[in-house]
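Per-entry structural report
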Amino acid sequence: MRKNLLASILIALFAVSLISSSALAQAQAKSKTPAPAAETAKGNLLDINSATKDQLDALPGIGEKFSQKIIEGRPYAKKSDLVHKKIIPQATYNKIKDQIIAKQK
């Protein structure tokens, strides 16, 4: 009888430790998963229809040449127009697409 009680207690403790370690691992995994850039910085997206040359220059892979082409090609109905209108290459667009938006007036 005493062995059964001890065995039951040990099994219960083992089950509780498994459940708590599993919950802890899930909580840690969720906290390390970054939110998509567009969601995280929704208010900080750079509007390609109104951004200054300096703001555009600061985007990765843009620089002076592409920022001037972006300004000259305005207005844009959507941000993907940068590629469709051959303003910037697809690879460069892929670097900045989560940081920009094309607002309409």
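First, a word on what this report is: a plain description of the structure on this page.

**Some remarks on the overall build of the chain**
Looking only at helices and strands, one finds six helices and two strands in the chain. Moving toward the C terminus, one meets the helices and strands of the chain in the order α-α-β-α-α-α-α-β. Taken over 105 residues, the chain has a buried fraction of 24%. Here the chain has roughly 7,800 Å² of accessible surface; of this, 61% comes from carbon and sulfur atoms.

**A short note on the nonpolar core**
Within the largest apolar cluster, 17 residues are counted, with the highest numbers of intra-cluster contacts made by Ile48, Ile70, Leu82, Ile88 and Ile100. With near-sequence residues (within four places) excluded, Ile70 lies in contact with Ile48, Leu56, Ile62, Tyr76, Leu82, Ile87 and Ile88.

**Describing a nonpolar patch on the surface**
Taken together, the side chains of Leu5, Leu6, Ile9, Leu10 and Leu13 make up a nonpolar region of the molecular surface, amounting to roughly 510 Å² of accessible area. Mapped onto the fold, Leu13 is located in helix H1 (residues 2–32).

**Looking at unusual backbone geometry**
Here the amide bond leading from Arg74 into Pro75 is cis, since omega sits at 0°, within 30 degrees of zero. With respect to the element layout, Pro75 can be found in the loop between helix H4 (63–72) and helix H5 (81–84). Phi is positive for Lys86, close to 60°, though the residue is something other than glycine. Structurally, Lys86 is set in the loop between H5 and helix H6 (90–96).

**A word on H4**
Of all the residues in H4, the buried ones are Phe66, Ser67 and Ile70. Taken end-on, H4 shows its buried residues confined to a sector of 100°, consistent with a single buried face. Away from its buried face by more than 90 degrees, H4 exposes Glu64, Lys65 and Glu72. Where H4 is buried, its residues touch helix H3 (53–57), H5 and H6.

**Digging into the side chain of Asp81**
By the element assignment, Asp81 lies in helix H5. Buried within the structure, Asp81 lacks any salt-bridge partner; Lys78 is the closest side chain of opposite charge, at an N-O distance of 4.7 Å. Setting aside residues no more than four positions away along its own chain, Asp81 makes contact with Tyr76 and Lys86.

About the cut-offs
- Residues numbered from 1 in each chain as written.
- Predicted model: local features only at pLDDT ≥ 70, side-chain atom pairs only at ≥ 80, totals over all residues.
- Heavy atoms only, no water.
- Helix = DSSP H or I, 4+ residues; strand = E, 2+ residues; numbered from the N terminus.
- Buried < 20%, exposed > 50% of the residue type's maximum accessible area, 1.4 Å probe, protein only.
- Areas by Shrake-Rupley, 256 points an atom, 1.4 Å probe, with all protein chains shown as cover.
- Core = buried A, V, L, I, M, F, W, Y, C linked by side-chain atoms within 4.5 Å.
- Contact = heavy atoms within 4.5 Å.
- Patch = residues over 30% accessible without salt bridge, like charges linked within 9 Å, V, L, I, M, F, W, Y side chains within 5 Å.
- Salt bridge = Lys/Arg side-chain N within 4 Å of Asp/Glu carboxyl O.
- Arc of directions from axis to C-beta.
- Lys, Arg positive; Asp, Glu negative; His and termini not counted.

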